[in-house]
Structure formats: structure tokens, C-alpha cells
Amino acid sequence: MSGAVVTRTSTRGLRVDVRLFGIAVVIAAAVGYLLYTGLQGTAASYFVTVSELQAKAESVDGRRVRVGGDVVAGSIVRGGPADPIRFRISDGSSELEVVYAGVLPDIFAEGRHVIVEGLYRSGQPIQADSVLTQCPSRFEAMPTAPTS
Amino acid sequence: MAHLGSGALILALILAIYGMVASLLGARRRVPELLQSGYRATYAVAFLVAVALIALVIAFVRHDFRLAYVAGRSSRDMPLHYVIAAFYGGQEGSLLYWTLVASGLGALALYLHRRSDRTLLPYMNATLLSVVTFLLLVLTVVSSPFRLLPVTPPDGAGLNPLLRDPGMMAHPPLLLSGYAGFTVPFAFGMAALITGRLGSDWLRAIRRWTLLAWTLLGLGLLIGAWWAYHVLGWGGYWGWDPVENLALLPWLTSTAFLHSVIVQERRGMLKVWNLALLLATFALSIFGTFIVRSGMLSSVHAFAVSSIGHWFLSFLALVLVVGIGLLVYRLPGLQSERQIESVSSREAGFLYNNLLLTAMAFAVFWGTTFPLFSELFWDTRITVGPPFYNRVVGPLLLVLLLLMAIGPLLAWRRTDVRLLLHNVRWPAMTGIVVGLIGLVAFSRPWAAAAYAVTMIAAGVTLQEFWRGIQARRRNARENVFLAAWELLRRNNRRYGGYLVHLAILLMAVGIIASNAFQLERQFVLRPGEQGTIGPYTVVYRGLEDRRMADAEIVAAQVDIYRGQRYAGTVESFRFFYRNYEDQPTARMGIKLVGMDDVYVVLDRWQDDGMASLRVYVNPLVIWIWIGGVVFVLGTLTLFWPQPVPALLRVPQSVVGATSEA
């Protein structure tokens, strides 16, 4: 009698476990699906240096790229308030022309390391829709040497 | 001061190692004196770290530029509160602060639990001190805040302008306390695993300490969002930046823990899972602290890249190996006392909640570290941006909100579905009406669905409050306000939790609106000219130059009209700080008109006053900050001291109530 009760509860327990497992699998599959389509459908971009970009210009033509490099001194053309900003970034060996129409981050300047992101068409300046600045040297600034 | 500080740190390091060894030896050989001495070592370590920190603050206040750290982050013309806040403005100081919070909270936990959990405490102490030892090792060997400069400069470089903001006073200390605070529950968890005392007696302590760290981290995140909104001119409060994501991760896993620990307390289930969450939370805190300094991910939080990354990576590996190893070793002792009996029970509901929260954490982790892994496997670094996160986390969040609506109505063991439907009918109908109105009025299906779900969840939560209040009014003959007060005081865990749910729902109102209905336009205007955005007209009045002790300021004045009616004037600034003239730091002009934030960024300008302004209209963002206030109230309720254990109290009040009736 008691044995029968035990088996009944344990089979039901098993059934619940199976259903819970099923729900967990559904959630995991949904997350997997979201991750996959998220990666395919949204603007995932190739993160490259300037030379890498030029080396594989063919394969990334027409795709979103994210390029890191230093702003070349003297290359910034700000124009009037209405014009987009133009500048070049370099990784030491090659240079890339950038056009950007948004608000520049506060810490954008010549010589700073920036990461620009946008659509790449080979042979054209990159139309950036985001410019990130990185400035290790400044957040960990050394004190100004006594001038004079 | 430098000698005092570094001396205190070295002494603290020695004591921490001693205390660790003493605790372990004392516990193995059963020598109470050794254990006592181990605890005293922890108190002394906390004291010495505090001394070091105070020495550093004094060095800042006295402008002691012999210290490289002080000279690099402060200057004589900075206001005093930023000079003091500058002590956590860099890596060394923030790590020192981390160490202080970890050792200080650890010492407090030892003191508060000194009469209970006797067998756990030595191991808890040893775990705590091993974390502190690691941090002190980094602080004394690799990156000491007390390093001296060969030549003392006459003035310091000053704090980076981006950090000179009221947000600096609150965001970093809260966030770092949150990270560091997870050390204490982690230490308790490891102690439980080492001793094999895996019953529920340690759960109360762990839950409370996790709650503390979770609250601090949550507040840190919120104030960080507020800061970003005011200072970084992209019109938003959350950019899915790697550093933000990494701070969100331990918050998500600890939120999961705070829910699933209830199941373990009530039903003795999910033990392995809870310990794994605890371990993951602490590991993610360490990961978040370390990876921003490793230079492995590109972020707006441009920390200095330093060698410290390797230390943290090794420590992280050690934590994971020891933690997972112990968990596997103790697996046989961690069997559930009961099984889940039904897929619609409350324990199953908590399980779904946990699955969703960890799935969200996983998705965010995946996206954040994807550049690293894609480089490893496919030889190209692929980065993902905000659209990816919105697309992945958005639907999960929606399901989680739906669960928040149903969860409070589920019963332990088994739920009567008819009763559930009966209870949810009014909130569900309200939600569906709201959704349909939204669909017709705005034709944005996603936003309408999100508002419908938010409305249902809010309805259910408020209904729970109302029922609790009604029950008290009937039984204890209290008026509405007294009943609400007593409900929160006596049943603080349940209704404090619901307050936090309401806070999340209020934030959801703002988050959905600002994602779906944000307007953005760029104007190039001469003084006196105007532009329109949505129902608003902005009139640019011109630029004004001002001067502060440490900066020159350009202010653009903009009048805002809604339709024909004048709504107010905002000023949007650019600050040119001394030493940072090439970094014109923005302060947004934000004007709340009705429920809309009109948000003005001064972009560029010419000498004749012509300027380009970027204007955003962010609807309902104010509800995010209102939700933040409710969040604070809810967590305060959760910490409401319970003078007499609840078990003793319940029968008394019932007796009192019946005799009155």
C-alpha cells in the first residue's frame, strides 16, 4: 500500500521534473535563438586596426567595422558648426580618413586613441556613427612638470 | 603620511596572513585562543587599512604632491569635496577603498555573528582574509597609492574633468562597496562548504549580507546612470558599455540569489544552485574590478591599462577552481530535501525567475566578452553594440516582468489555476486595456505589449498591498495608513520586496518610453533663431562666457516652448578646465516639461555665436529616478530591524487581535 503511494508520487515527481526540464530547455533555446539572431541581425562589427582593415578591404567592403587608431596630429578639420568633422586615424603604418557628424566625446583630441564605428566602403572615408575615445594617459595623468 | 600609509598596509598584509593561518590552524587543532587571535587580526587589519585610507585622504587635503597618486589626481584650485573624492579617482585608491570595505564589512560580520555560527566563523574569517591578503599584496607590491615622486611638483594635474561632477561623490563609492560587499556572503558560503554545515542556519546571515551588497551595487548603478545622463551627451542613461555591463552582471546574479534563497529557506531546495550563484556573484565582482584595468575591452571608462590584470586573472582562476572544487566535493550533502511538486508552484516560479535572470546575465556576458572569444576562435574581433543587447535582453525582460505579475499569486507546492485566474482578472484586464490603447494611439506593438505587462505586474503588486492592508484593517482594526505601516514593518521581507518590484516597474515605465519614443534633432542656429522638435520649439538665445576658480565656461542659453507656451530656459555648458583645455567637458541642459525631458547638448560654436545644438526629447525618464527613490525605500524596509524574532511575535498579535474582537 505504502509502496504504491511512493511509486505514484515518484512517477509524478518524475513527470514534474521532465516538464520543468522542458521549460528550462525552452528558455535556453529562446536565449540561444535571441543571441544568434541578435548577432546576425544587429550591427555586429569587425574590430580591426587600420592596417588590418586595409589588408582585408575586399572582405569587409560594405560591412560595419570598428577601427581603432590614434588621431593624426593636424588632421582634424572641424569646419563650421553645421559641417561634419573630418579627421584621420593611424596605427603607425597606415592611415584612414573618417567623417563624423555626431557630437564628439569630450576627450577627443589630436593624438588620442579613438575607436570609430561605421559603414566601410573601400576607397572612401569611413562614415562613422560613433566615436569612442580612450585616453589612458589622461585618466592616469602625470602632474604637469614645472614650466618656467 | 606616505610612510604611515605604506607602513600600515604592510603591517596589515602581515596580520592578514597571520590571521588566515591562525584561523585555519585554530579550527583544525581546536585551539580557541588561536581562533580568538585570528579574529582580532581581522579587526586589526580593518583598522590598519582604515588608517592607510585616512592617511591618503589627509595627503590629498594637504596637497601633498610628493605622492605620485595625489599629484596625478588633484590640484590646489579644485574644490575641497572633489579633492577628497579624488582619492578613489584612480586605480590604487579605488583598490584601497575596495580593501577597506571588504575588510571593514568582514570585521563587522565577525563581530555581529560572534555568538552564533561558531564552527563557520574560523573558515569565514580565513576566506575573508585570503581575499584581503590578495588585495593588500597588489596594493603593496604592484600598485601602491603611496609611491613617491622623485621631484615634487608645485601643483597637481587635477582630476579629469569628466569626474568633476556631483555623481563622482556617490557613484564610485557605492559601486565599489557593492562589489566589495559580496566578499562577506562569499566568505560565509565558502565556510559552509568547507565545514560541510550546509543547513539553513547560515542562510539568514548570507541573505542579509548579500542584500546589503546588492543594495549598494544597485544604487551605484542607478547613480551611474543618472551621472551618464547628465554628463555624457548621447541623450541616454545606459549605453551597454562593457564596464556598465560588467557591473550589471553581479547585480543580476545576486538578484537571482535573493529570490532563490527564499526557496531554500522555505522548502530546502536549490542548495547547489544557491551556492553556485553566490560563487558566480563574487567571481563576477572580481572580474568586473579587474577587466576594466586589463585593457582587454574598449570602453568609455578609459582606465589606465596596467599589469594588474594578470594578478586579478590569477586570483579569479584560484577563486573559481577552489569554489567549484568545493562545490563538487560537497555535492552529496547538498541534496534537496524535497522535490518540486508542480510546474505552477511558487518554487517553480522562483526557478523560472532564476533561469531568466541568469539567462540575461549570460547574454550580457556573452555580448561583452564576444570580442575576446571571437578573436580566439575565428581570428577576428567582432564587437556588438546596444542594438544587440536591446534585442536580446528586451524580450527576456518582458517575460521576467510577466513572471513578476504572476509570481506573487503562486502558492507554495501547488497553485489552484482557477484561483490564480480569479486573482489576476482585474490587473490583467487593466493591462490589456492599456496595451490596446497604446497600440491604437502609438502603433508600436512592442512598447504597447511592454506597457501592458508592466501594468499587469503593477496591478498585481498593488492588489497584494491592498489585500494585506484590508486584512489588517479587519483583524487589527487599524486605519489605512497605520495598517500600511504595520504591514511593511511586521512583514518587511514580503512587502519590502514588493516595494522593490514596484520600483523596477516604475523604472520600466521610463525605460520603455525613452527607448521607444525618444526624439533627436541637430540644429545649427544663430542667436535668436529657433527650431522645432516634436511639440517643442527651442529658441537659441546665444552664448555667454563665465569663469570659475579652476575652469572657464561657455554657456548656451536656450528657451523652450511647448506649442506657444513658454516652458523654461535651460543652459547647456562646456567647461574648459585648467590642464584639460583640449577637453571641453559638457554639462547638459535638461528641462523637465510635463513628463518629457528636453535635453540640450552644446556641440560646437563659432565666435559670432552660431552654434550647433543637439536636442533630445526623452519622455518619462523622470520615472526612472522616481523608481530609484522607491527602490531605496523598499530596500530600507527590507533592512527594518525585527526586534523580536517573528516566530515569537505572530501568536501574540493574533491573541491580542482576537481578544479585542
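Reading guide: rules and limits
- Residues numbered from 1 in each chain as written.
- Chains lettered and ligands numbered in written order.
- Predicted model: local features only at pLDDT ≥ 70, side-chain atom pairs only at ≥ 80, totals over all residues.
- Heavy atoms only, no water.
- Patch = residues over 30% accessible without salt bridge, like charges linked within 9 Å, V, L, I, M, F, W, Y side chains within 5 Å.
- Areas by Shrake-Rupley, 256 points an atom, 1.4 Å probe, with all protein chains shown as cover.
- Salt bridge = Lys/Arg side-chain N within 4 Å of Asp/Glu carboxyl O.
- Helix = DSSP H or I, 4+ residues; strand = E, 2+ residues; numbered from the N terminus.
- Buried < 20%, exposed > 50% of the residue type's maximum accessible area, 1.4 Å probe, protein only.
- Pairing = 2+ DSSP bridges.
- Contact = heavy atoms within 4.5 Å.
- Buried area = accessible area lost by both parts, 1.4 Å probe.
- Polar contact = N/O pair within 3.5 Å; in protein donor to acceptor, adjacent residues only side chain to side chain.
- Axes fitted to C-alpha atoms, helices over the stretch in contact; angles between N-to-C directions.
- Parallel < 35°, antiparallel > 145°, perpendicular 65-115°, else oblique.
- Left-handed = near helix turned anticlockwise from the far one by under 90°.
- Nonpolar A, V, L, I, M, F, W, Y, C, P; charged D, E, K, R; others polar.
- Domains from an automatic or database assignment.
- 1 Å grid on protein atoms, 1.4 Å probe; cavity = no way out; pocket = protein on both sides within 12 Å on 5 of 7 lines; lining within 4 Å.
- Points joined across faces, edges and corners; volume = space filled by probe spheres on them.

Draft legend 1. Spotlight on a nonpolar patch on the surface. Taken together, M1(B), L4(B), I54(B) and I58(B) make up a surface patch of nonpolar side chains, about 320 Å² in accessible area. When you line up the elements, M1(B) lands in the segment before α1 (2-29).

Draft legend 2. Up close: the pairing of strand β5 (residues 551-562) of chain B. All names here are of chain B. Burial of β5 is extensive: 9 of the 12 residues sit out of reach of the surface. Here strand β4 (residues 536-547) folds back onto β5, and the loop between the two strands holds 3 residues. Two strands pair when backbone bridges link them, and β5 and strand β6 (residues 565-577) are joined in this way by 12 bridges, in the antiparallel orientation. Bridge assignment links I560 to a residue of β6, and that residue is G568. The antiparallel pairing of β5 with β6 creates a hairpin that spans 2 residues between the two strands, and G563 there sits at a positive phi of about 65°.

Draft legend 3. Structural view of the interface of chain A and chain B. Contacts between chain A and chain B engage 54 residues on the former and 69 residues on the latter. Between chain A and chain B, roughly 5000 Å² of surface is buried when both sides are summed, and carbon and sulfur atoms account for 63% of that area. Along the contact surface separating chain A from chain B lie 0 salt bridges. On the surface where chain A and chain B come into contact, there are 3 residue pairs in polar contact (both at pLDDT 80 or more). Among the elements that line the side of chain A that touches chain B, the one with the most residues is helix α1 (residues 2-41) of chain A, at 16 residues.

Draft legend 4. Looking closely at the sheet that holds strand β10 (residues 611-619) of chain B. All names here are of chain B. The strand order β2-β10-β9-β8 describes an open sheet built from 4 strands, whose pairing is antiparallel. Two strands lie at the open edges of the sheet, namely β2 (519-525) and β8 (589-593), each paired on one side alone. With direction set aside, neighbouring strand axes in the sheet form an average angle of 20°. Pairing of β8 with strand β9 (residues 596-605), which is carried by 5 bridges, proceeds in the antiparallel orientation. Along β9, the bridge assignment pairs G589 with V600.

Draft legend 5. Focus on the packing of helix α14 (residues 386-406) of chain B against helix α16 (residues 445-476) of chain B. Residues and elements named next belong to chain B. Between α14 and α16, the shortest axis-to-axis distance is 7 Å and the interhelical angle comes to 25°. Taken together, the axes of α14 and α16 are roughly parallel relative to one another. Remark: the crossing between α14 and α16 carries left-handed chirality. In this structure, α14 contributes P395, L398, L401, L402, M404 and A405 to the contact, and α16 contributes W446, A449, A450, V453, T454, I456, A457 and V460. Here the contact of α14 with α16 is built from residues that sort into 13 nonpolar, 1 polar and no charged.

Draft legend 6. Examining the domain arrangement of chain B more closely. Taken domain by domain, chain B holds domain 1 (1-164), domain 2 (178-186 + 201-334 + 342-405), domain 3 (416-515 + 626-660) and domain 4 (526-620). In this structure, domain 1 of chain B and domain 3 of chain B have C-alpha centres spaced 42 Å apart.

Draft legend 7. Structural detail: empty space enclosed by the protein. Residue and element names in this part refer to chain B. The final tally for this structure, using the stated rule, is 2 cavities of 30 Å³ or more. A volume near 70 Å³ is recorded for the largest cavity. When contributions to the lining of the largest cavity are tallied by element, the ones reaching two or more residues are α8 (183-195), α11 (271-291) and α12 (308-329). Taken together, the residues of the lining of the largest cavity break down into 7 nonpolar, 2 polar and no charged.

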